[in-house]
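Coordinate analysis (summary)
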Amino acid sequence: MTGLTNLLDLDPAQLVAYCGELGEKPFRAKQLQRWIHQFGASDFNAMSDLAKSLREKLATRAHVEAPQIISDHTSTDGTRKWLLDVGQGNAVETVFIPEEQRGTLCISTQAGCAVNCRFCSTGKQGFSRNLTVAEIVGQLWMAEFELRRSKGIEPGPRGERQITNVVMMGMGEPLLNYEPTVTALRMMLDDNAYGLSRRRVTLSTSGVVPMIDKLSQDCAVALAVSLHASNDALRDDLVPLNRKYPLRELMAACRRYLDFAPRDFVTFEYCMLDGVNDSDAHARELVALVQGREPVPCKFNLIPFNPFPESGLIRSENARIKSFAKVLSNAGIVTTIRKTRGEDIDAACGQLAGEVQDRTRVQERMQKMATYQKKFGPNFGRIVEIAS
Ligand code: SAH
Ligand code: SF4
């Protein structure tokens, strides 16, 4: 299919320009967008309100193609994970997390990641390449219409959305793949495409300071920052990017972002690592960091570490996580403990390694979980409380 333009690569303005090149009026771009993003159509012949001549032109020059699905698993808790082929032996993962009031899709922005955080299996596999716009937005396109097909829901513009929220928390550092990420974000927000509100789209970053500022100007969606440490020495070790953009600069960037953000707080993600970053003293240091002379309005999301063999790290015990949460919430900081979802299919945070031998890994993982549960009790991996 080389030489064809993938229409999933074009944002609304680019699609208008593309239609212009074909001698078509701008409203045709809107129609096309609706067919693609609201009806999940990829066959131009099915786009019945487009003139036959345009459909024929498109058929010879364009296509609508998301990454191919390698595997598709649904967890016992309803979490669904797709492994997607992005060529040259690379695969990325997309995870759907259904909840009562919403359906969240966690999407990837890179194959692998160069940041190499100590606790992240994506980081451990190194960086392969940036995803294209079509590969990023294609994850939403594929997932929305696969979910509808599974439920027998007809495609259409309103009221039938399966995916109500998007989080860029899959594989990769979105702010190190900036332009394609922002173009994909714009398509998610566009009324003729997905029409998601900026509050329902969250970008998670390990802290690429200049790009946080740029995002505030280009497409200020909700911001999550992977903090994981309460001081620079610890963060230098856990998130190597901290050596380039230390905490003071990161906190200042968060404050600046809030002037443009759709929410009035930043979410700090904090992965709970036994004996590394999880003491009450660390929690108090965090309180001082975000409530000090230059406070950052924020919420904390504590993520129970999802272990993988090469990390040499262990998840904090539940009681420790609760005690840590209490220090933060006693200081008036809204703190939640993330539910661990989809572990039986390796879809939990930091387990997204894009390995093609998925099945083997699931079995390994199940055995590992059984060992951990023997050691830490049956509730290991089933943290469901929300601390307030
Ligand atoms: N690169 C971005 C987005 C992807 S990572 C970032 O770092 O923010 C998404 C989240 O999963 C981050 O908060 C990350 O720190 C967390 N994470 C990574 N590995 C994890 C693991 N093994 N257990 C729990 N959370 C993990
Ligand atoms: Fe990359 Fe995020 Fe993993 Fe760090 S946590 S290695 S930034 S994907």
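Note that the structure is a prediction, hence the values are computed from the model and not measured.

Details of the site of ligand 2
In the region of ligand 2, the neighbouring residues are Cys113, Val115, Asn116, Cys117, Cys120, Gly123, Gly172, Glu173 and Ser206. Classifying every residue of the shell around ligand 2 by side-chain character gives 4 nonpolar, 4 polar and 1 charged.

As for helix H6 (residues 178-189)
Spanning 12 residues, H6 covers 17 Å between terminal C-alpha atoms, matching the ideal 16 Å at 1.5 Å per step. The element H6 is extensively covered by neighbouring structure, given that 9 of its 12 residues are classed as buried. Every buried residue of H6 is listed here: Tyr178, Pro180, Thr181, Val182, Thr183, Ala184, Leu185, Met187 and Met188. Each element contacted by the buried residues of H6 is listed here: helix H1 (12-21), helix H2 (26-39), helix H5 (133-151), strand E9 (165-168), strand E10 (201-205) and helix H7 (209-218).

A look at the site of ligand 1
Surrounding ligand 1, one finds 20 residues, the nearest of these being Phe119, Gly172, Ser204, Ser226 and His228. Measuring from a nitrogen atom of ligand 1, one finds a side-chain N or O atom of Glu173 at 3.4 Å. A distance of 2.6 Å separates an oxygen atom of ligand 1 from a polar atom in the side chain of Ser204. Coverage of ligand 1 by the protein amounts to 96% of the 530 Å² it exposes when considered alone. Listed by contribution, the elements that provide at least two residues to the shell around ligand 1 are E10, strand E12 (266-272) and strand E13 (298-304). Of the residues belonging to the shell around ligand 1, the class tally is 9 nonpolar, 9 polar and 2 charged.

Concerning the pattern of salt bridges
Per the stated rule, a full pass over the model turns up 16 salt bridges. A salt bridge links Arg28 to Glu24, with the shortest nitrogen-to-oxygen separation between them at 3.8 Å. Its relative accessible area of 16% is what places Arg28 among the buried residues. Glu56 is paired through a salt bridge with Lys52; the nearest N and O atoms lie 3.2 Å apart. Pair noted here: Glu56 and Lys52 are both in helix H3 (residues 52-61), with a separation of 4 residues, about one helical turn. In this structure Glu56 comes out as partly exposed when scored by relative accessible area, which is 46%.

About the criteria used
- Residues numbered from 1 in each chain as written.
- Chains lettered and ligands numbered in written order.
- Predicted model: local features only at pLDDT ≥ 70, side-chain atom pairs only at ≥ 80, totals over all residues.
- Heavy atoms only, no water.
- Near = heavy atom within 4 Å.
- Nonpolar A, V, L, I, M, F, W, Y, C, P; charged D, E, K, R; others polar.
- Helix = DSSP H or I, 4+ residues; strand = E, 2+ residues; numbered from the N terminus.
- Expected span 1.5 Å × (residues − 1).
- Buried < 20%, exposed > 50% of the residue type's maximum accessible area, 1.4 Å probe, protein only.
- Contact = heavy atoms within 4.5 Å.
- Polar contact = N/O pair within 3.5 Å; in protein donor to acceptor, adjacent residues only side chain to side chain.
- Areas by Shrake-Rupley, 256 points an atom, 1.4 Å probe, with all protein chains shown as cover.
- Salt bridge = Lys/Arg side-chain N within 4 Å of Asp/Glu carboxyl O.

As far as function goes, none of this settles anything; it's purely spatial.
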